[in-house]
Number of protein chains: 2
Amino acid sequence: MPDPSQPLAPALLERILERATTAPSDHNLQPWRFLIVQDPRNRRRLRTAAWNRPEATQAPAIVIVLAYLYPVRTHLQPMLDQAVAEGHCPPEKAAEIRGRAFATLGKLADPEPWASRSAMLAASRLMLAAEELGVSSTMLEGFDEPALRREFGVPDDHAIVRVIALGHEPEPEPTPGRLSLDEVCFSEHFGQPWRP
Amino acid sequence: MPDPSQPLAPALLERILERATTAPSDHNLQPWRFLIVQDPRNRRRLRTAAWNRPEATQAPAIVIVLAYLYPVRTHLQPMLDQAVAEGHCPPEKAAEIRGRAFATLGKLADPEPWASRSAMLAASRLMLAAEELGVSSTMLEGFDEPALRREFGVPDDHAIVRVIALGHEPEPEPTPGRLSLDEVCFSEHFGQPWRP
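Here the structure is a predicted model, which is why all the values come from computation and not from measurement. (Residues numbered from 1 in each chain as written. Chains lettered and ligands numbered in written order. Predicted model: local features only at pLDDT ≥ 70, side-chain atom pairs only at ≥ 80, totals over all residues. Heavy atoms only, no water.)

Caption draft 1: Fine view of the interface of chain A and chain B. Taken together, the 71 residues of chain A in the interface contact 70 residues of chain B. Interface area, chain A with chain B, both sides summed: about 5,800 Å², of which 59% is carbon and sulfur. At the junction of chain A with chain B, the criterion picks out 4 salt bridges. The partner of A:Arg125 in a salt bridge is B:Glu131, and the shortest N-O contact between them spans 3.8 Å. Elements supplying a minimum of two residues to the side of chain A that touches chain B: α1 (10-20), β1 (32-37), α5 (76-85), α7 (112-132), α8 (145-152), β4 (158-167), α9 (181-184) and β5 (185-187) of chain A. The element best represented in the side of chain A that touches chain B is α7(A), accounting for 14 residues. A class-by-class count of the residues in the side of chain A that touches chain B yields 34 nonpolar, 20 polar and 17 charged. Bridging between β5(A) and strand β1 (residues 32-37) of chain B involves 3 bridges; their strand directions are parallel. From the neighbouring strand, A:Phe186 faces β1(B), where its bridge partner is B:Leu35. (Contact = heavy atoms within 4.5 Å. Buried area = accessible area lost by both parts, 1.4 Å probe. Salt bridge = Lys/Arg side-chain N within 4 Å of Asp/Glu carboxyl O. Helix = DSSP H or I, 4+ residues; strand = E, 2+ residues; numbered from the N terminus. Nonpolar A, V, L, I, M, F, W, Y, C, P; charged D, E, K, R; others polar. Pairing = 2+ DSSP bridges.)

Written out as C-alpha coordinates, the structure is:
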(Lines give C-alpha, C1' and ligand atoms only; values in the text may rest on other atoms or scores of the structure.)
Protein backbone atom coordinates (compact mmCIF):
# COMPACT_ATOMS: atom_id res chain seq x y z
CA MET A 1 0.00 0.00 0.00
CA PRO A 2 1.52 3.37 -0.94
CA ASP A 3 2.51 5.71 1.85
CA PRO A 4 0.14 8.72 1.68
CA SER A 5 2.62 10.96 3.50
CA GLN A 6 5.21 10.61 0.71
CA PRO A 7 4.43 12.79 -2.30
CA LEU A 8 5.61 11.95 -5.79
CA ALA A 9 8.12 14.48 -7.13
CA PRO A 10 6.77 16.17 -10.29
CA ALA A 11 10.02 15.46 -12.18
CA LEU A 12 9.77 11.76 -11.30
CA LEU A 13 6.16 11.57 -12.48
CA GLU A 14 7.17 13.29 -15.70
CA ARG A 15 9.96 10.76 -16.31
CA ILE A 16 7.51 7.90 -15.76
CA LEU A 17 5.03 9.42 -18.22
CA GLU A 18 7.75 10.06 -20.77
CA ARG A 19 8.88 6.44 -20.67
CA ALA A 20 5.25 5.32 -21.02
CA THR A 21 5.01 7.19 -24.30
CA THR A 22 7.95 5.24 -25.74
CA ALA A 23 5.62 2.25 -26.28
CA PRO A 24 5.44 1.11 -29.90
CA SER A 25 2.22 1.50 -31.86
CA ASP A 26 0.83 0.66 -35.25
CA HIS A 27 1.94 3.39 -37.71
CA ASN A 28 3.31 5.19 -34.63
CA LEU A 29 -0.23 6.43 -33.95
CA GLN A 30 0.19 6.47 -30.16
CA PRO A 31 -3.49 6.02 -29.35
CA TRP A 32 -3.10 6.72 -25.64
CA ARG A 33 -3.66 9.56 -23.27
CA PHE A 34 -2.99 9.92 -19.57
CA LEU A 35 -5.19 11.75 -17.13
CA ILE A 36 -3.29 12.41 -13.91
CA VAL A 37 -5.25 12.98 -10.73
CA GLN A 38 -3.38 14.32 -7.70
CA ASP A 39 -5.69 16.79 -6.00
CA PRO A 40 -6.92 15.11 -2.77
CA ARG A 41 -10.53 16.10 -3.42
CA ASN A 42 -10.41 14.60 -6.90
CA ARG A 43 -8.79 11.42 -5.59
CA ARG A 44 -11.69 11.07 -3.15
CA ARG A 45 -14.12 11.36 -6.07
CA LEU A 46 -12.05 8.83 -7.97
CA ARG A 47 -12.08 6.45 -5.01
CA THR A 48 -15.87 6.51 -4.99
CA ALA A 49 -15.88 5.50 -8.66
CA ALA A 50 -13.17 2.86 -8.09
CA TRP A 51 -15.14 0.58 -5.82
CA ASN A 52 -13.73 2.37 -2.78
CA ARG A 53 -10.21 1.00 -3.24
CA PRO A 54 -8.09 2.64 -0.52
CA GLU A 55 -5.11 3.07 -2.87
CA ALA A 56 -7.12 5.72 -4.72
CA THR A 57 -6.65 8.15 -1.87
CA GLN A 58 -3.47 6.76 -0.31
CA ALA A 59 -1.41 7.00 -3.47
CA PRO A 60 -0.30 10.58 -4.22
CA ALA A 61 -0.95 10.24 -7.96
CA ILE A 62 -3.47 8.28 -9.98
CA VAL A 63 -3.05 7.89 -13.71
CA ILE A 64 -6.16 7.11 -15.72
CA VAL A 65 -4.90 5.53 -18.94
CA LEU A 66 -7.14 6.30 -21.90
CA ALA A 67 -7.31 4.80 -25.38
CA TYR A 68 -8.00 7.40 -28.05
CA LEU A 69 -10.15 5.86 -30.76
CA TYR A 70 -9.37 8.08 -33.75
CA PRO A 71 -5.63 8.85 -33.96
CA VAL A 72 -5.74 8.23 -37.71
CA ARG A 73 -7.73 11.44 -38.04
CA THR A 74 -5.52 13.66 -35.91
CA HIS A 75 -2.13 12.07 -35.12
CA LEU A 76 -1.17 10.37 -38.35
CA GLN A 77 -0.27 13.39 -40.45
CA PRO A 78 1.85 15.21 -37.82
CA MET A 79 3.79 12.00 -37.10
CA LEU A 80 4.44 11.39 -40.80
CA ASP A 81 5.43 15.03 -41.30
CA GLN A 82 7.91 14.70 -38.45
CA ALA A 83 9.39 11.46 -39.80
CA VAL A 84 9.82 13.07 -43.23
CA ALA A 85 11.32 16.26 -41.75
CA GLU A 86 13.83 14.22 -39.72
CA GLY A 87 14.81 12.21 -42.77
CA HIS A 88 13.56 8.89 -41.38
CA CYS A 89 10.96 8.39 -44.09
CA PRO A 90 10.97 9.44 -47.75
CA PRO A 91 7.83 11.43 -48.74
CA GLU A 92 6.58 8.66 -51.07
CA LYS A 93 6.78 6.10 -48.28
CA ALA A 94 4.89 8.51 -45.98
CA ALA A 95 2.11 8.79 -48.55
CA GLU A 96 1.97 5.00 -48.83
CA ILE A 97 1.78 4.58 -45.02
CA ARG A 98 -0.95 7.19 -44.87
CA GLY A 99 -2.98 5.36 -47.50
CA ARG A 100 -2.55 2.02 -45.77
CA ALA A 101 -3.48 3.42 -42.35
CA PHE A 102 -6.67 4.98 -43.70
CA ALA A 103 -7.55 1.80 -45.61
CA THR A 104 -7.21 -0.39 -42.50
CA LEU A 105 -7.48 1.49 -39.21
CA GLY A 106 -9.54 4.32 -40.67
CA LYS A 107 -12.23 1.85 -41.64
CA LEU A 108 -12.55 -0.25 -38.49
CA ALA A 109 -16.21 -0.72 -37.59
CA ASP A 110 -15.24 -0.51 -33.92
CA PRO A 111 -11.78 0.95 -33.22
CA GLU A 112 -12.05 0.31 -29.47
CA PRO A 113 -10.32 -3.12 -29.28
CA TRP A 114 -7.43 -1.91 -31.41
CA ALA A 115 -6.99 1.34 -29.48
CA SER A 116 -7.38 -0.34 -26.08
CA ARG A 117 -4.79 -2.99 -26.78
CA SER A 118 -2.34 -0.34 -27.94
CA ALA A 119 -2.99 1.81 -24.88
CA MET A 120 -2.23 -1.23 -22.72
CA LEU A 121 1.29 -1.24 -24.16
CA ALA A 122 1.73 2.29 -22.84
CA ALA A 123 0.15 1.33 -19.50
CA SER A 124 2.62 -1.51 -19.21
CA ARG A 125 5.61 0.73 -19.95
CA LEU A 126 4.31 3.17 -17.39
CA MET A 127 4.24 0.53 -14.66
CA LEU A 128 7.66 -0.84 -15.56
CA ALA A 129 9.14 2.65 -15.70
CA ALA A 130 7.71 3.34 -12.26
CA GLU A 131 9.27 0.13 -10.92
CA GLU A 132 12.65 0.99 -12.45
CA LEU A 133 12.51 4.45 -10.91
CA GLY A 134 11.63 3.10 -7.46
CA VAL A 135 7.95 3.98 -7.52
CA SER A 136 5.34 1.35 -6.78
CA SER A 137 2.30 0.97 -9.00
CA THR A 138 -1.00 -0.76 -8.39
CA MET A 139 -3.71 -1.36 -10.95
CA LEU A 140 -7.15 -0.52 -9.59
CA GLU A 141 -8.89 -3.17 -11.64
CA GLY A 142 -12.49 -2.59 -10.68
CA PHE A 143 -14.12 0.74 -11.40
CA ASP A 144 -17.48 2.19 -12.33
CA GLU A 145 -16.62 3.22 -15.86
CA PRO A 146 -19.57 5.58 -16.52
CA ALA A 147 -19.03 7.29 -13.16
CA LEU A 148 -15.31 7.78 -13.80
CA ARG A 149 -16.07 9.09 -17.27
CA ARG A 150 -18.59 11.57 -15.90
CA GLU A 151 -16.46 12.75 -12.96
CA PHE A 152 -13.37 13.45 -15.05
CA GLY A 153 -14.96 14.54 -18.30
CA VAL A 154 -13.67 11.67 -20.45
CA PRO A 155 -15.40 11.98 -23.83
CA ASP A 156 -16.90 9.10 -25.81
CA ASP A 157 -14.02 8.97 -28.28
CA HIS A 158 -11.74 7.72 -25.48
CA ALA A 159 -11.96 4.36 -23.67
CA ILE A 160 -10.76 4.03 -20.08
CA VAL A 161 -8.35 1.08 -20.09
CA ARG A 162 -6.65 1.22 -16.71
CA VAL A 163 -6.49 3.16 -13.48
CA ILE A 164 -3.00 3.04 -11.98
CA ALA A 165 -2.07 4.29 -8.52
CA LEU A 166 1.53 5.50 -8.14
CA GLY A 167 3.33 6.07 -4.88
CA HIS A 168 6.16 5.14 -2.58
CA GLU A 169 5.74 1.83 -0.82
CA PRO A 170 7.02 1.67 2.77
CA GLU A 171 7.41 -2.12 2.59
CA PRO A 172 7.26 -3.86 -0.76
CA GLU A 173 4.66 -6.60 -0.99
CA PRO A 174 5.86 -10.10 -1.92
CA THR A 175 5.71 -10.78 -5.65
CA PRO A 176 2.99 -13.31 -6.36
CA GLY A 177 4.06 -16.55 -8.04
CA ARG A 178 3.79 -17.21 -11.74
CA LEU A 179 2.77 -20.16 -13.87
CA SER A 180 5.82 -21.88 -15.34
CA LEU A 181 6.78 -21.44 -18.99
CA ASP A 182 5.66 -25.04 -19.58
CA GLU A 183 2.17 -23.96 -18.61
CA VAL A 184 1.91 -20.87 -20.78
CA CYS A 185 4.15 -21.54 -23.80
CA PHE A 186 3.55 -23.75 -26.80
CA SER A 187 5.88 -24.61 -29.65
CA GLU A 188 4.85 -24.48 -33.34
CA HIS A 189 1.18 -25.39 -32.74
CA PHE A 190 -1.31 -24.64 -29.99
CA GLY A 191 -1.11 -27.35 -27.36
CA GLN A 192 2.35 -28.62 -28.33
CA PRO A 193 4.81 -28.59 -25.44
CA TRP A 194 7.23 -25.72 -25.33
CA ARG A 195 10.11 -27.93 -24.32
CA PRO A 196 10.43 -31.16 -26.28
CA MET B 1 14.50 -5.84 -40.48
CA PRO B 2 15.86 -8.88 -38.61
CA ASP B 3 18.81 -10.73 -40.07
CA PRO B 4 17.55 -14.19 -41.14
CA SER B 5 21.04 -15.67 -40.93
CA GLN B 6 21.30 -15.00 -37.20
CA PRO B 7 19.36 -17.52 -35.11
CA LEU B 8 17.96 -16.71 -31.67
CA ALA B 9 19.65 -18.71 -28.92
CA PRO B 10 17.08 -20.87 -27.08
CA ALA B 11 18.28 -19.63 -23.67
CA LEU B 12 17.82 -16.03 -24.79
CA LEU B 13 14.29 -16.71 -26.04
CA GLU B 14 13.51 -18.40 -22.74
CA ARG B 15 14.73 -15.39 -20.77
CA ILE B 16 12.55 -13.10 -22.87
CA LEU B 17 9.50 -15.30 -22.30
CA GLU B 18 10.19 -15.52 -18.60
CA ARG B 19 10.32 -11.75 -18.26
CA ALA B 20 7.09 -11.49 -20.25
CA THR B 21 5.33 -13.60 -17.63
CA THR B 22 6.29 -11.16 -14.87
CA ALA B 23 3.53 -8.81 -16.06
CA PRO B 24 0.97 -8.01 -13.39
CA SER B 25 -2.60 -9.24 -13.73
CA ASP B 26 -5.88 -8.99 -11.92
CA HIS B 27 -5.93 -11.59 -9.10
CA ASN B 28 -2.63 -12.80 -10.59
CA LEU B 29 -4.66 -14.73 -13.17
CA GLN B 30 -2.04 -14.38 -15.95
CA PRO B 31 -4.49 -14.70 -18.84
CA TRP B 32 -1.80 -15.01 -21.49
CA ARG B 33 -0.19 -17.73 -23.51
CA PHE B 34 2.63 -17.65 -26.03
CA LEU B 35 2.81 -19.72 -29.16
CA ILE B 36 6.34 -19.70 -30.53
CA VAL B 37 6.87 -20.44 -34.21
CA GLN B 38 10.42 -21.11 -35.38
CA ASP B 39 10.21 -23.88 -37.95
CA PRO B 40 10.86 -22.28 -41.38
CA ARG B 41 7.91 -24.06 -42.97
CA ASN B 42 5.59 -22.85 -40.23
CA ARG B 43 6.93 -19.32 -40.54
CA ARG B 44 6.08 -19.41 -44.23
CA ARG B 45 2.52 -20.45 -43.35
CA LEU B 46 2.42 -17.69 -40.79
CA ARG B 47 3.65 -15.14 -43.33
CA THR B 48 0.77 -16.02 -45.62
CA ALA B 49 -1.67 -15.33 -42.77
CA ALA B 50 0.18 -12.13 -41.80
CA TRP B 51 -0.49 -10.17 -44.96
CA ASN B 52 2.81 -11.36 -46.38
CA ARG B 53 4.92 -9.30 -43.99
CA PRO B 54 8.56 -10.22 -44.77
CA GLU B 55 9.54 -10.19 -41.08
CA ALA B 56 7.46 -13.33 -40.61
CA THR B 57 10.08 -15.39 -42.44
CA GLN B 58 13.15 -13.22 -41.87
CA ALA B 59 12.89 -13.25 -38.10
CA PRO B 60 14.06 -16.55 -36.57
CA ALA B 61 11.25 -16.64 -34.01
CA ILE B 62 7.68 -15.43 -34.06
CA VAL B 63 5.66 -15.23 -30.86
CA ILE B 64 1.88 -15.30 -31.20
CA VAL B 65 0.57 -13.74 -28.01
CA LEU B 66 -2.76 -15.21 -26.94
CA ALA B 67 -5.30 -14.05 -24.38
CA TYR B 68 -6.86 -16.92 -22.48
CA LEU B 69 -10.49 -16.11 -21.71
CA TYR B 70 -11.21 -18.32 -18.70
CA PRO B 71 -8.28 -18.28 -16.25
CA VAL B 72 -10.74 -17.97 -13.37
CA ARG B 73 -11.77 -21.55 -14.06
CA THR B 74 -8.31 -23.07 -14.24
CA HIS B 75 -5.58 -20.72 -12.97
CA LEU B 76 -7.15 -19.12 -9.93
CA GLN B 77 -7.07 -22.02 -7.50
CA PRO B 78 -3.45 -23.13 -8.19
CA MET B 79 -2.23 -19.52 -7.84
CA LEU B 80 -4.09 -19.06 -4.54
CA ASP B 81 -2.82 -22.43 -3.27
CA GLN B 82 0.72 -21.37 -4.08
CA ALA B 83 0.34 -17.99 -2.36
CA VAL B 84 -1.04 -19.71 0.75
CA ALA B 85 1.69 -22.37 0.70
CA GLU B 86 4.40 -19.69 0.46
CA GLY B 87 2.88 -17.75 3.32
CA HIS B 88 2.04 -14.69 1.22
CA CYS B 89 -1.69 -14.96 1.75
CA PRO B 90 -3.68 -16.25 4.76
CA PRO B 91 -6.24 -18.95 3.81
CA GLU B 92 -9.21 -16.69 4.72
CA LYS B 93 -7.93 -13.97 2.41
CA ALA B 94 -7.46 -16.54 -0.37
CA ALA B 95 -11.10 -17.61 0.03
CA GLU B 96 -12.20 -13.98 -0.12
CA ILE B 97 -10.15 -13.33 -3.29
CA ARG B 98 -11.59 -16.47 -4.87
CA GLY B 99 -15.14 -15.31 -4.12
CA ARG B 100 -14.48 -11.85 -5.49
CA ALA B 101 -12.84 -13.16 -8.67
CA PHE B 102 -15.75 -15.47 -9.40
CA ALA B 103 -18.28 -12.74 -8.64
CA THR B 104 -16.64 -10.28 -11.05
CA LEU B 105 -14.45 -11.92 -13.71
CA GLY B 106 -16.29 -15.24 -13.58
CA LYS B 107 -19.48 -13.47 -14.59
CA LEU B 108 -18.30 -11.27 -17.43
CA ALA B 109 -20.68 -11.54 -20.39
CA ASP B 110 -17.69 -11.26 -22.72
CA PRO B 111 -14.29 -11.87 -21.10
CA GLU B 112 -12.38 -11.02 -24.29
CA PRO B 113 -11.68 -7.30 -23.66
CA TRP B 114 -10.49 -8.01 -20.13
CA ALA B 115 -8.27 -10.93 -21.16
CA SER B 116 -6.90 -9.12 -24.23
CA ARG B 117 -5.92 -6.03 -22.32
CA SER B 118 -4.16 -8.17 -19.72
CA ALA B 119 -2.35 -10.16 -22.38
CA MET B 120 -1.13 -6.88 -23.87
CA LEU B 121 0.70 -6.20 -20.61
CA ALA B 122 2.62 -9.44 -21.13
CA ALA B 123 3.20 -8.61 -24.81
CA SER B 124 4.65 -5.27 -23.76
CA ARG B 125 6.98 -6.85 -21.21
CA LEU B 126 8.06 -9.32 -23.85
CA MET B 127 9.07 -6.56 -26.27
CA LEU B 128 10.84 -4.55 -23.58
CA ALA B 129 12.68 -7.64 -22.33
CA ALA B 130 13.80 -8.36 -25.88
CA GLU B 131 15.10 -4.81 -26.23
CA GLU B 132 16.96 -5.02 -22.93
CA LEU B 133 18.55 -8.30 -23.99
CA GLY B 134 19.65 -6.92 -27.35
CA VAL B 135 16.97 -8.58 -29.46
CA SER B 136 14.84 -6.54 -31.80
CA SER B 137 11.08 -6.99 -31.89
CA THR B 138 8.55 -5.98 -34.50
CA MET B 139 4.79 -6.18 -34.13
CA LEU B 140 3.17 -7.64 -37.23
CA GLU B 141 0.01 -5.60 -36.84
CA GLY B 142 -2.07 -6.88 -39.71
CA PHE B 143 -3.02 -10.52 -39.90
CA ASP B 144 -5.84 -12.73 -41.06
CA GLU B 145 -7.09 -13.81 -37.66
CA PRO B 146 -9.22 -16.81 -38.74
CA ALA B 147 -6.41 -18.10 -40.97
CA LEU B 148 -3.84 -17.82 -38.19
CA ARG B 149 -6.21 -19.51 -35.78
CA ARG B 150 -6.78 -22.36 -38.21
CA GLU B 151 -3.13 -22.82 -39.18
CA PHE B 152 -1.85 -22.99 -35.62
CA GLY B 153 -4.80 -24.64 -33.92
CA VAL B 154 -5.73 -21.75 -31.64
CA PRO B 155 -9.02 -22.67 -29.95
CA ASP B 156 -12.00 -20.35 -29.49
CA ASP B 157 -11.29 -19.78 -25.80
CA HIS B 158 -8.13 -17.86 -26.76
CA ALA B 159 -7.94 -14.50 -28.55
CA ILE B 160 -4.93 -13.65 -30.72
CA VAL B 161 -3.75 -10.26 -29.48
CA ARG B 162 -0.36 -9.76 -31.13
CA VAL B 163 2.12 -11.38 -33.47
CA ILE B 164 5.68 -10.38 -32.57
CA ALA B 165 8.76 -11.13 -34.67
CA LEU B 166 12.00 -11.50 -32.72
CA GLY B 167 15.47 -11.41 -34.20
CA HIS B 168 18.82 -9.73 -34.39
CA GLU B 169 18.84 -6.46 -36.28
CA PRO B 170 21.95 -5.73 -38.38
CA GLU B 171 21.29 -1.98 -38.28
CA PRO B 172 18.78 -0.58 -35.83
CA GLU B 173 16.02 1.49 -37.43
CA PRO B 174 15.65 5.08 -36.22
CA THR B 175 13.14 5.42 -33.40
CA PRO B 176 10.07 7.23 -34.68
CA GLY B 177 9.17 10.48 -32.94
CA ARG B 178 6.59 10.81 -30.21
CA LEU B 179 3.89 13.31 -29.36
CA SER B 180 4.97 15.52 -26.47
CA LEU B 181 3.60 15.05 -22.97
CA ASP B 182 1.61 18.26 -23.43
CA GLU B 183 -0.26 16.52 -26.23
CA VAL B 184 -1.09 13.29 -24.42
CA CYS B 185 -1.34 14.21 -20.73
CA PHE B 186 -4.08 16.01 -18.87
CA SER B 187 -4.20 17.15 -15.26
CA GLU B 188 -7.17 16.53 -12.95
CA HIS B 189 -9.83 16.66 -15.71
CA PHE B 190 -9.93 15.58 -19.34
CA GLY B 191 -8.77 18.46 -21.50
CA GLN B 192 -6.99 20.38 -18.73
CA PRO B 193 -3.35 21.11 -19.56
CA TRP B 194 -0.81 18.85 -17.96
CA ARG B 195 1.54 21.71 -17.22
CA PRO B 196 -0.08 24.77 -15.69
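Caption draft 2: Local environment of the sheet that holds strand β2 (residues 61-68) of chain A. Judged by pairing direction, the sheet is mixed, and its 5 strands sit side by side in the order β3(A)-β4(A)-β2(A)-β1(A)-β5(B) without closing on themselves. A single partner strand is all that each edge strand has here, and the edge strands are β3 (136-139) of chain A together with β5 (185-187) of chain B. When the angles between neighbouring strand axes are averaged without regard to direction, this sheet yields 25°. Sheet topology note: the β2(A)/β4(A) ladder contains 8 bridges and is antiparallel. Along β4(A), the bridge assignment pairs A:Ala61 with A:Leu166. Packed onto the sheet, α8(A) meets β1, β2 and β4 of chain A and runs at close to 80° relative to β4(A). (Axes fitted to C-alpha atoms, helices over the stretch in contact; angles between N-to-C directions.)

Caption draft 3: Fine view of unusual backbone geometry. Residue and element names in this part refer to chain B. At Trp-51, a residue that is not glycine, the phi angle is positive and equals roughly 50°. With respect to the helices and strands, Trp-51 occurs in the loop between α2 (40-49) and α3 (55-58). Among the residues examined, Trp-51 registers a relative accessible area of 54% and is labelled exposed. Positive phi, normally seen in glycine, also occurs at Glu-188, with a value near 70°. Structurally, Glu-188 can be placed in the segment after β5. (Buried < 20%, exposed > 50% of the residue type's maximum accessible area, 1.4 Å probe, protein only.)

Caption draft 4: Here's a closer look at the relation of the copies chain A and chain B. Its rotation angle being 180°, the transformation that places chain A on chain B also includes 0.0 Å of axial translation and leaves an RMSD of 0.0 Å. Read as a symmetry element, the transformation amounts to a two-fold axis. In this assembly, 99% of the residues forming the interface of chain A have copies in chain B that are likewise at the interface, indicating an isologous arrangement. (Least-squares fit on C-alpha atoms with pLDDT ≥ 70 in both.)

Caption draft 5: Fine view of the pairing of strand β2 (residues 61-68) of chain B. Residue and element names in this part refer to chain B. With 8 of 8 residues buried, β2 is to be regarded as a mostly interior element. Here 6 bridges tie β1 to β2, and the two strands are oriented antiparallel to one another. By the bridge assignment for β2, Trp-32 is matched with Ala-67.

Caption draft 6: Representation of the packing of α7(A) against helix α7 (residues 112-132) of chain B in the model. Relative orientation of the contacting elements α7(A) and α7(B) amounts to 50°, with a least axis distance of 8 Å. Here α7(A) lies oblique to α7(B), going by the angle between them. As α7(A) packs across α7(B), the resulting crossing turns out to be right-handed. Residue-level inspection shows A:Glu112, A:Ser116, A:Arg117, A:Met120, A:Leu121, A:Ala123, A:Ser124, A:Arg125, A:Met127, A:Leu128, A:Glu131 and A:Glu132 of α7(A) in contact with α7(B), the latter providing B:Glu112, B:Ser116, B:Arg117, B:Met120, B:Leu121, B:Ser124, B:Arg125, B:Met127, B:Leu128, B:Glu131 and B:Glu132. Residue classes in the contact of α7(A) with α7(B) are distributed as 9 nonpolar, 4 polar and 10 charged. (Parallel < 35°, antiparallel > 145°, perpendicular 65-115°, else oblique. Left-handed = near helix turned anticlockwise from the far one by under 90°.)

Caption draft 7: Representation of the packing of aromatic side chains within the structure. All names here are of chain A. Evaluated as defined, the whole model comprises 2 aromatic pairs over all chains. Consider the rings of Phe-186 and Phe-190, whose centres lie 4.5 Å apart with planes at 50°: the pair is tilted. Classification of Phe-190 by relative accessible area gives buried; the value is 17%. Taking NZ or CZ as reference, Arg-33 lies 4.5 Å from the ring centre of Tyr-68, over its face. Its end group placed over the ring of Tyr-70, Arg-73 keeps NZ or CZ at 3.8 Å from the ring centre. (Phe/Tyr/Trp six-rings, centres within 6.5 Å; stacked < 30°, edge-to-face > 60°. Lys NZ or Arg CZ within 6 Å of the ring centre and 35° of its normal.)

Caption draft 8: Main features of the nonpolar core. Judged by nonpolar contacts, the single largest core of 96 residues is most densely connected at A:Phe34, A:Leu166, B:Phe34 and B:Leu166. In terms of residues, this core owes the most to one element, α7(B), which gives 11 residues. Once residues lying within four places of it in the same chain are set aside, the contact partners of B:Phe34 are A:Val184, A:Cys185, A:Phe186, B:Leu17, B:Ala20, B:Thr21, B:Val63, B:Ile64, B:Val65, B:Ala122 and B:Leu126. (Core = buried A, V, L, I, M, F, W, Y, C linked by side-chain atoms within 4.5 Å.)

Caption draft 9: Representation of the sheet that holds β5(A) in the model. A sheet is described by the order of its strands in space; here 5 strands give the open sequence β5(A)-β1(B)-β2(B)-β4(B)-β3(B), paired in mixed fashion. Looking at the sheet topology across the chains shown, the edges are occupied by β5 of chain A together with β3 (136-139) of chain B. Averaged over all pairs of adjacent strands, the angle between their axes in this sheet comes to 25°, without regard to strand direction. Of the strands in this sheet, β1, β2, β3 and β4 (158-167) of chain B are in contact with α7(B), which crosses β4(B) at around 10°.

The values are spatial; any link to function lies outside them.
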